[in-house]
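Each chain is listed here by its residues.
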Amino acid sequence: MADGTTKEYDLIICTIPVLSLIGLLKTQEGLSIIPHAAMNFRSDILVYLKVHFDQAAEGQCIYIYSDLIKITRITNFNEFKPDESDTFNILLVEIWCDKTDLIWNYGDSDLMLFLEQEIKKTNLYINLNVIDHTIKKVADAFQIPDLDLEDSRTKLLDQLVGFRNLYITGRIASLHFNYGMENAIEDGIILAEEITKKYRTDLLPSD
Ligand SMILES: Cc1cc2nc3c(=O)[nH]c(=O)nc-3n(C[C@H](O)[C@H](O)[C@H](O)COP(=O)(O)OP(=O)(O)OC[C@H]3O[C@@H](n4cnc5c(N)ncnc54)[C@H](O)[C@@H]3O)c2cc1C
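Thresholds, definitions, all that
- Residues numbered from 1 in each chain as written.
- Predicted model: local features only at pLDDT ≥ 70, side-chain atom pairs only at ≥ 80, totals over all residues.
- Helix = DSSP H or I, 4+ residues; strand = E, 2+ residues; numbered from the N terminus.
- Rg over C-alpha atoms; globule rule 2.2 N^0.38 Å.
- Near = placed C-beta within 6 Å.
- Nonpolar A, V, L, I, M, F, W, Y, C, P; charged D, E, K, R; others polar.
- Contact = placed C-beta atoms within 7 Å.
- Core = buried A, V, L, I, M, F, W, Y, C linked by C-beta atoms within 7 Å.
- Buried ≥ 20, exposed ≤ 12 C-beta atoms within 10 Å, placed from the backbone.
- Expected span 1.5 Å × (residues − 1).
- Domains from an automatic or database assignment.
- Pairing = 2+ DSSP bridges.
- Axes fitted to C-alpha atoms, helices over the stretch in contact; angles between N-to-C directions.

What am I meant to see in the overall build of the chain here?
Looking only at helices and strands, one finds four helices and nine strands in the chain. From first element to last, N terminus to C terminus, the chain shows the α and β order β-α-β-β-β-β-β-α-β-β-α-β-α. For a compact globule of 207 residues, the expected C-alpha radius of gyration is about 17 Å, and the chain comes in at 22 Å, more than 25% above that figure. Expressed as lengths along the three principal axes of its C-alpha atoms, the size of the chain is roughly 60 × 45 × 35 Å.

The structure is reproduced here in C-alpha cells:
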C-alpha cells in the first residue's frame, strides 16, 4: 500500500495504468520492476464555461482540426436537449496537450485570456459572453495511439504474466482510442463472469 503496509488478497483486479501498476510491483527478491517499454499520453485541460451567446454553430461536440487553434474539442451540453429553451449554455472547451507545453502550466487567469482568444478564432459563436468558469486538468488523459502502442503494451503485459492472480481490465487493457465508459462496464461484467466460473461456480445460475 502507499503507506508501506501490506495486505493479502486472493486475487487482484487492476484498472490503473499499466506503467503505474508496474511501478507498484516488486520481484520476489523485493526489487523494483523496470518497465520493458514506454507509453505516451496526452493530457487534457478541461474548461467548463457558463456562457451566453447570440448564436452558435449547431452540434453537441465539435472537434477542431487546425494548427492555428489550440482548442481540440468543444462540447455544448445544452445541445443534448436542443428543444429546451435555456437562460445560459454550458460549454466544455478542451485543450489536449503535453505536460511540457507552456499552456499546461498557465495560471487560471492567463489560461482564460488565452482560451477566449482561441474560441474567437473558431468563429463558432456570435457575441459569446463568459459568465463563469471551472478549470480541471487531467494529466495523461489519453494514450497516444502511436505505431509502437501494440508492441509496447504486449511487452508490458508480458512482464506481468508471472502474477497468476492478477487480472487487468478496463481502458488500459484496450488498444482502442475510442474506448468509452460502456466498454469499461462491459469488460467488467465479462471479467466478473470469467472469475466466477473459475472460482465460484456455486454463484452461477444452475441452468
Ligand atoms: C477527458 C475524457 C473524456 C471522456 N469522455 C467520454 C465520454 O464522453 N463517453 C465515454 O463513454 N467515455 C469517455 N471517456 C473515456 C472513459 O472515461 C473511459 O473509457 C473509462 O473511464 C474507462 O474506465 P476505466 O475504469 O477502465 O478507467 P478509468 O475510469 O480511467 O479509471 C482508472 C482509475 O485509476 C485511478 N488511478 C490511476 N493511477 C492510479 C494509481 N497509481 N493508484 C491508484 N489509482 C490510480 C484513476 O484515478 C482512475 O480513477 C473520456 C475520457 C476522458 C479522459
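Before we go on, may I ask you to explain the site of the ligand in this structure?
Around the ligand, the surrounding shell holds 14 residues, and the nearest of these are G170, R171, G180, M181 and A184. Elements with a contribution of two residues or more to the shell around the ligand: β8 (129–143) and α4 (181–199). Of the residues forming the shell around the ligand, the biggest block, three residues, is contributed by α4. For the shell around the ligand, a count of residues per class yields seven nonpolar, four polar and three charged.

What should I look at first to understand the environment of I45 in this one?
Relative to the elements of secondary structure, I45 occurs in strand β2 (residues 41–52). Taking C-alpha positions, I45 is 13 Å from D110, a pair spaced 65 residues apart along the chain. Leaving out residues up to four positions away in the same chain, I45 has contacts with E94, I95, C97, I103, W104 and K137.

Got a minute to help me understand the nonpolar core in this structure?
Considering soluble globular proteins, one finds that nonpolar side chains tend to be buried as a cluster. Residues V47, L49, I71, I74, L91, V93 and I119 are the most contacted members of the largest nonpolar core, which totals 13 residues. Element by element, the count of residues in this core is highest for β2, at four residues. The contact partners of L91, leaving out residues within four places of it in the chain, are L49, V51, I74, T75 and N76.

Help me understand α4 in this model?
In an α-helix, one turn spans 3.6 residues, which is why side chains three or four residues apart end up on the same side. For α4, built from 19 residues, the straight-helix expectation of 27 Å at 1.5 Å per residue is met to within 8% by its first-to-last C-alpha distance of 27 Å. In terms of residue burial, α4 counts as a barely covered element, since only zero of its 19 residues are buried.

Is there a simple way to explain the domain arrangement of the chain in this structure?
When the parts of a complex come together, some accessible area is lost, and that lost area is often taken as the interface size. Each assigned domain of the chain is listed with its residue range as follows: domain 1 (12–39 + 147–203) and domain 2 (41–143). With centres defined by C-alpha atoms, the gap from domain 1 to domain 2 works out at 33 Å.

What's the story with the sheet that holds β2 in this structure? I'm lost.
Sheet strands pair via backbone hydrogen bonds, and the direction of the pair is either parallel or antiparallel. Taken together, five strands build an open sheet; the order of strands is β4-β5-β6-β2-β8 and the sheet is antiparallel. With partners counted over all chains shown, the strands left at the sheet margins are β4 (61–63) and β8, one partner each. Going across the sheet, the axis of each strand differs from the next one's by a mean of 15°, ignoring polarity. In the sheet, strand β5 (residues 73–76) pairs with strand β6 (residues 89–97) via four bridges, with the strands oriented antiparallel. The residue bridging T75 from the neighbouring strand is L92, located in β6.

What's the story with unusual backbone geometry in this structure? I'm lost.
Leaving glycine out, the prevailing phi sign among residues is negative, and the prevailing peptide bond configuration is trans. Of note, N123 is a non-glycine position whose phi angle comes to about 60°, a positive value. Relative to the assigned elements, N123 resides in the loop between α2 (108–122) and β7 (125–126). Non-glycine residue D140 carries a positive phi angle of around 50°. With respect to the helices and strands, the residue D140 is situated in strand β8.

What am I meant to see in the pairing of β2 here?
Every regular strand shows the same layout, with side chains that alternate between the two sheet faces. Inspection of the sheet shows β2 paired to β8 by eleven bridges, in the antiparallel sense. Its bridge partner being in β8, F41 is matched across the sheet by Q143. As paired elements, β2 and β6 share nine bridges and run antiparallel to each other. Looking at β6, one finds that L46 is bridged to E94.

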